[in-house]
Amino acid sequence: MQETDNASTNEYEVHYHRTSVYSLRYHLIIVTKYRREVLIGTVKQELEELLRSLADQFDLQVEAMEIKPDHVHMLIDASPKHSISSVMKGLKGISARMLLMHHPEVKQKLYEGHLWQPNYFAVTVSEHSQEQIADYLRRQKPGPVKSKEASRKPEQSQSKSNQSN
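In this text the structure is predicted, and so the values were computed from the model without any measurement. (Residues numbered from 1 in each chain as written. Predicted model: local features only at pLDDT ≥ 70, side-chain atom pairs only at ≥ 80, totals over all residues. Heavy atoms only, no water.)

Participant: For this particular structure, what's the right way to read the side chain of Asp 77?
Facilitator: Looking at where Asp 77 falls in the secondary structure, it is placed in strand β6 (residues 71-78). Excluding its chain neighbours within four sequence positions, the residues that come into contact with Asp 77 are His 15, Leu 24, Arg 25, Asp 59, Leu 60, Gln 61 and Glu 63. (Helix = DSSP H or I, 4+ residues; strand = E, 2+ residues; numbered from the N terminus. Contact = heavy atoms within 4.5 Å.)

Below, the structure written as structure tokens:
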């Protein structure tokens, strides 16, 4: 058997290494601190490039990625070399450091300069749910960026307009 060999079973890839056989897929979600909508424009583009580069460093294959203004979805194929907690620590820590260094205007929109929430979501993906998750990520349409006025409750907006009369 070769050092690294890949086999496909119904589009579900199993990896064969000298000492292990595995298939580790995760759906990951990371959210900006206080759901601040800062992942837009060039920040979004740079974040995607950065996350793909970091994924390569952690021996991850990004199968799908969707970046919304306030959160990121990733579907990854992982290696057992690194724990999911160390992968997430690396993805979040390095991406935050690099983005805030290249985009100081983003830091001003964040509380105490923290880009990401301290927690994250990670769930394993089976061969049965993999395509559903990939389809979900592909179908995500860019939604409008919410303004503070639009996110207020209707009675708050009405009372504010009544006060100005």
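Participant: What is the right way to read the sheet that holds strand β7 (residues 121-124) from this model?
Facilitator: The strands making up a sheet associate through hydrogen bonds between their backbones, and the pairing can be parallel or antiparallel. On the basis of which strands lie adjacent, the open sheet formed by four strands has the order β5-β6-β4-β7 and antiparallel pairing. The strands lining the two open edges of the sheet, one partner per strand, are β5 (61-68) and β7. For this sheet, the mean inter-axis angle between neighbouring strands, taken without regard to orientation, is 15°. In this structure, strand β4 (residues 24-31) lies alongside β6, joined through eight bridges in antiparallel fashion. Its bridge partner being in β6, His 27 is matched across the sheet by Leu 75. Helix-sheet contacts for helix α2 (residues 84-102) involve β4 and β7, and the interaxial angle to β4 is about 40°. (Pairing = 2+ DSSP bridges. Axes fitted to C-alpha atoms, helices over the stretch in contact; angles between N-to-C directions.)

Participant: Hey, could you run me through α2 in this one?
Facilitator: The α-helix winds at 3.6 residues per turn, so residues separated by three or four positions along the chain end up facing the same way. With 19 residues, α2 extends 27 Å between its outermost C-alpha atoms, agreeing within 8% with the 27 Å of an ideal straight helix rising 1.5 Å per residue. Every buried residue of α2 is listed here: Val 87, Met 88, Gly 90, Leu 91, Lys 92, Ser 95, Ala 96, Leu 99 and Leu 100. Packing partners of the buried residues in α2 comprise β4, α1 (41-57) and α3 (104-108). (Expected span 1.5 Å × (residues − 1). Buried < 20%, exposed > 50% of the residue type's maximum accessible area, 1.4 Å probe, protein only.)

Participant: Please clarify how unusual backbone geometry should be interpreted in this entry.
Facilitator: Phi at Arg 35 is positive, roughly 55°, even though this residue is not glycine. Among the structural elements, Arg 35 can be located in the loop between β4 and α1.

Participant: What exactly am I supposed to notice about the nonpolar core here?
Facilitator: A general tendency of soluble globular proteins is for nonpolar side chains to be buried together. With 30 residues, the main nonpolar core has Leu 39, Leu 47, Val 72, Met 74, Ile 76, Leu 115 and Trp 116 as its most contacted residues. With residues up to four places along the chain from it excluded, the contact list for Trp 116 reads Ile 30, Val 31, Thr 32, Lys 33, Leu 39, Leu 47, Val 72, Lys 92, Ser 95 and Ala 96. Counting six residues, the second largest nonpolar core, distinct from the first, contains Ala 64, Leu 75, Ile 133 and Ala 134. (Core = buried A, V, L, I, M, F, W, Y, C linked by side-chain atoms within 4.5 Å.)

Participant: Looking at this structure, how should I read the packing of α1 against α2?
Facilitator: Closest axis-to-axis distance for the α1/α2 pair is 10 Å, and the angle between their directions is 140°. As the angle between them shows, α1 and α2 are arranged oblique. Where α1 crosses over α2, the two elements pack in a sense that is right-handed. Between α1 and α2, the contacting residues are Val 43, Glu 46, Leu 47, Leu 50, Leu 51, Leu 54 and Ala 55 on the first element and Gly 90, Leu 91, Ile 94, Ser 95, Met 98, Leu 99 and His 102 on the second. A per-class count over the contact of α1 with α2 returns ten nonpolar, three polar and one charged. (Parallel < 35°, antiparallel > 145°, perpendicular 65-115°, else oblique. Left-handed = near helix turned anticlockwise from the far one by under 90°. Nonpolar A, V, L, I, M, F, W, Y, C, P; charged D, E, K, R; others polar.)

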